[in-house]
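Residues per chain, in single letters:
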Amino acid sequence: MVGVTTTDTTPTAPTHRPGKRSSALLTDKYELTMLEAALKDGSAHRQCSFEVFTRRLPNERRYGVVAGTARVLRAVRDFVFTDEQLEDLDFLSQETIDYLRDYRFTGHIDGYREGELYFPNSPILTVRGTFAECVILETVILSILNADSAVASAAARMVTAAAGRSIIEMGSRRTHEYAAVTAARAAYLAGFDATSNLEAAKRYGIPASGTAAHAWTLLHTNPDGTPDEAAAFRAQVEAHGVGTTLLVDTYDITQGVKTAIEVAGTELGAVRIDSGDLGVVSRQVRRQLDELGAKNTKIVVSSDLDEFAIAALRSEPVDIFGVGTSVVTGSGAPTAGLVYKLVEVEGTPVAKRARGKESKGGAKGAIRIFRNTGTAIDEVTYPLDGPLPDAGDHDFSQLSIPMVRDGELISEVPTLEASREYLAKQLVTLPWEGLALTRDEPALSVRHAH
């Protein structure tokens with residue numbers, strides 16, 4: 001693994017001050033057509049509260065991980081329309097264009113910190129202000145939270161399945177080029193140890209990892225068409241030292257391991273296996289390495305791993321897992337299923353009543369209640385500006401944190417490293433069955449105190 005220099009992307013300036021890049025067009029057209037209608041009928045300036053929550057957890061998950069909060073705050077800060085952007089909005093009236101030209105978010109934001117766990121109906125983020133200034137933030141907020149939380153939730157399950165062994169994120173080629181960067185960030189938040197993506201390494205200070213692909217071994221083919229695996233290994237070791245990782249399954253794995261040790265010696269850092277029955281092969285390779293005297297050489301496995309495959313390999317002599325497609329796609333759930341719903345108008349709770357899509361009205365905060373052993377047992381919501389619920393004799397933590405007041409960032413945004421450490425501690429609070437990979441009920445239920 002190679003360390004890199006961190007580029008700080010945590011928003012520290014007031015949220016109304018635009019950055020170098022506007023996020024204002026990262027939205028859907030109907031946000032602006034609703035704005036136009038609201039300006040015409042006078043409802044645009046009614047005080048409202050919007051809430052981000054999920055009705056259910058996707059796939060077989062029993063908890064979710066909040067990820068992307070810092071990116072959301074940055075996007076809200078940068079939600080400022082440029083003259084060039086406004087020129088393209090010719091479907092809007094001049095009144096609406098003038099409103100957007102002066103738009104700055106001046107409301108309040110409260111929510112769960114990055115790295116917090118959430119469950120169905122947890123009030124993850126509450127955005128308060130006029131209808132006009134809140135409604136047009138819906139798409140960009142959900143775009144970030146849904147993608148990042150899906151990846152972090154999947155990655156956290158993989159970290160649990162790995163039981164303390166290292167995991168490298170290597171899914172850049174399986175998603176959009178910029179989604180690859182934010183997916184690497186979310187995976188690292190969840191406990192992954194490194195990424196193959198250099199932009200993520202530079203932007204977020206994540207350790208970078210990677211050595212060679214099969215193309216490198218295939219490149220070293222003799223003019224008569226015979227492979228020269230030893231030449232490929234030798235050149236790699238000469239370039240990167242014996243601590244490198246050699247990919248041994250381009251041809252015959254047993255011969256590949258033998259050649260790797262012959263070239264690099266018994267101090268070879270690691271061998272990587274990217275094919276075959278990984279459980280059977282890893283046992284064979286471990287036995288062979290030990291017999292050759294390379295007892296400290298680690299085994300890295302990759303090839304379509306997800307949390308279930310990792311769990312199945314937990315008893316095998318695997319030291320490091322390389323995960324690609326399943327983590328950047330949220331392990332088959334590319335969205336966390338989060339929604340952004342209007343829950344209060346001028347202090348009056350409002351709620352959607354459609355079957356299967358019900359919501360609970362009113363702006364809400366939440367606390368989590370713990371046994372004296374530190375195990376979480378309950379999550380309780382309460383009116384956001386009201387008193388905290390009674391936790392009885394139990395310890396509790398306040399989940400809803402004030403983040404923005406009158407458009408200004410009022411609390412320091414935790415660093416990625418701090419959020420990563422925080423999440424690791426929160427996972428320990430789950431009931432043991434909450435970490436299981438089989439589908440059951442969510443690890444905690446969320447109830448309303450009022």
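Residues numbered from 1 in each chain as written. Predicted model: local features only at pLDDT ≥ 70, side-chain atom pairs only at ≥ 80, totals over all residues. Heavy atoms only, no water.

- The name an unreviewed UniProt entry gives the chain is Nicotinate phosphoribosyltransferase, with Corynebacterium urogenitale as the organism.
- In UniProt, the chain has this text filed under Function (unreviewed entry): "Catalyzes the first step in the biosynthesis of NAD from nicotinic acid, the ATP-dependent synthesis of beta-nicotinate D-ribonucleotide from nicotinate and 5-phospho-D-ribose 1-phosphate." (UniProt positions renumbered as here; feature names shortened; annotations may be inferred.)

## Observations regarding helix H7 (residues 177-189)
Two residues of an α-helix separated by three or four positions point the same way, owing to the 3.6 residues in each turn.
Line of reasoning, step 1. Its 13 residues place the ends of H7 19 Å apart at the C-alpha level, agreeing with the 18 Å of an ideal helix rising 1.5 Å per residue.
Line of reasoning, step 2. Turning to H7, its buried residues are Ala 180, Val 181, Thr 182, Ala 183, Ala 184, Arg 185, Ala 186, Ala 187, Tyr 188 and Leu 189.
Line of reasoning, step 3. Following H7 by one or two positions, Gly 191 has its phi on the positive side, about 120°. (Helix = DSSP H or I, 4+ residues; strand = E, 2+ residues; numbered from the N terminus. Expected span 1.5 Å × (residues − 1). Buried < 20%, exposed > 50% of the residue type's maximum accessible area, 1.4 Å probe, protein only.)

## A few points about the pattern of salt bridges
Line of reasoning, step 1. Counted under the stated rule, the structure contains 19 salt bridges.
Line of reasoning, step 2. With a closest N to O distance of 3.2 Å, Arg 286 and Asp 290 form a salt bridge. Placement of both Arg 286 and Asp 290 in helix H12 (residues 278-291) is noted, with a separation of 4 residues, approximately one turn of the helix.
Line of reasoning, step 3. Of the residues examined, Asp 290 reaches a relative accessible area of 30% and is grouped as partly exposed.
Line of reasoning, step 4. Residues joined by salt bridges that share partners form a network here, namely Asp 110, Arg 128, Asp 385 and Arg 405. (Salt bridge = Lys/Arg side-chain N within 4 Å of Asp/Glu carboxyl O.)

## Structural notes on the sheet that holds strand S16 (residues 395-398)
Line of reasoning, step 1. Within the open sheet, the 4 strands sit side by side as S16-S14-S15-S19. Their pairing is mixed. Each having just a single partner strand, S16 and strand S19 (446-448) make up the two edges of the open sheet. Here the average twist between neighbouring strands, direction ignored, is 30°. (Pairing = 2+ DSSP bridges. Axes fitted to C-alpha atoms, helices over the stretch in contact; angles between N-to-C directions.)

## Here's the deal with the sheet that holds strand S5 (residues 125-130)
The strands making up a sheet are joined through hydrogen bonds of the backbone, oriented either antiparallel or parallel.
Line of reasoning, step 1. Spatial ordering of the open sheet is given by S13-S12-S1-S5-S3-S17-S18, a layout of 7 strands whose pairing is antiparallel. Pairing within the sheet leaves two strands with one partner each, and these edge strands are strand S13 (348-349) and strand S18 (408-409).
Line of reasoning, step 2. Here strand S3 (residues 108-111) pairs with strand S17 (residues 401-405) via 3 bridges, running antiparallel. When the sheet's bridge partners are listed, Asp 110 is paired in S17 with Pro 402.
Line of reasoning, step 3. In the packing of helix H6 (residues 138-162) onto the sheet, contacts are made with strand S1 (47-54), S5 and strand S12 (338-345), and the angle to S12 comes to roughly 135°. (Contact = heavy atoms within 4.5 Å.)

## A short note on the packing of aromatic side chains
Line of reasoning, step 1. Evaluation of the coordinates by the stated rule reveals 5 aromatic pairs.
Line of reasoning, step 2. On the numbers, 4.9 Å between centres and 20° between planes, the contact of Phe 50 with Tyr 340 is stacked. One end of the pair, Phe 50, is in strand S1; the other, Tyr 340, is in strand S12, and 290 residues separate them in sequence. In this pair, the class of Phe 50 matches that of Tyr 340, namely buried. (Phe/Tyr/Trp six-rings, centres within 6.5 Å; stacked < 30°, edge-to-face > 60°.)

## Points about the domain arrangement of the chain
A common measure of how large an interface is: the accessible area buried when the components associate.
Line of reasoning, step 1. In terms of domains, the chain is made up of domain 1 (29-151 + 333-448) and domain 2 (162-329).
Line of reasoning, step 2. For domain 1 and domain 2, the distance between their C-alpha centres works out to 38 Å.
Line of reasoning, step 3. Taken together, the contact pairs 18 residues of domain 1 with 19 residues of domain 2.
Line of reasoning, step 4. Summing both partners gives a buried area of about 1500 Å² for domain 1 against domain 2, and 62% of it is carried by carbon and sulfur.
Line of reasoning, step 5. Of all residues in domain 1, Val 151, Leu 416 and Arg 420 bury the most surface against domain 2, accounting for 46% of the area lost on that side.
Line of reasoning, step 6. Applying the counting rule to domain 1 against domain 2 returns 2 salt bridges.
Line of reasoning, step 7. For Arg 420, the salt bridge is made with Asp 193, and the minimal N-O distance between the two is 3.9 Å.
Line of reasoning, step 8. Seen at the junction of domain 1 and domain 2, the total is 5 residue pairs in polar contact (both at pLDDT 80 or more). (Domains from an automatic or database assignment. Buried area = accessible area lost by both parts, 1.4 Å probe. Polar contact = N/O pair within 3.5 Å; in protein donor to acceptor, adjacent residues only side chain to side chain.)

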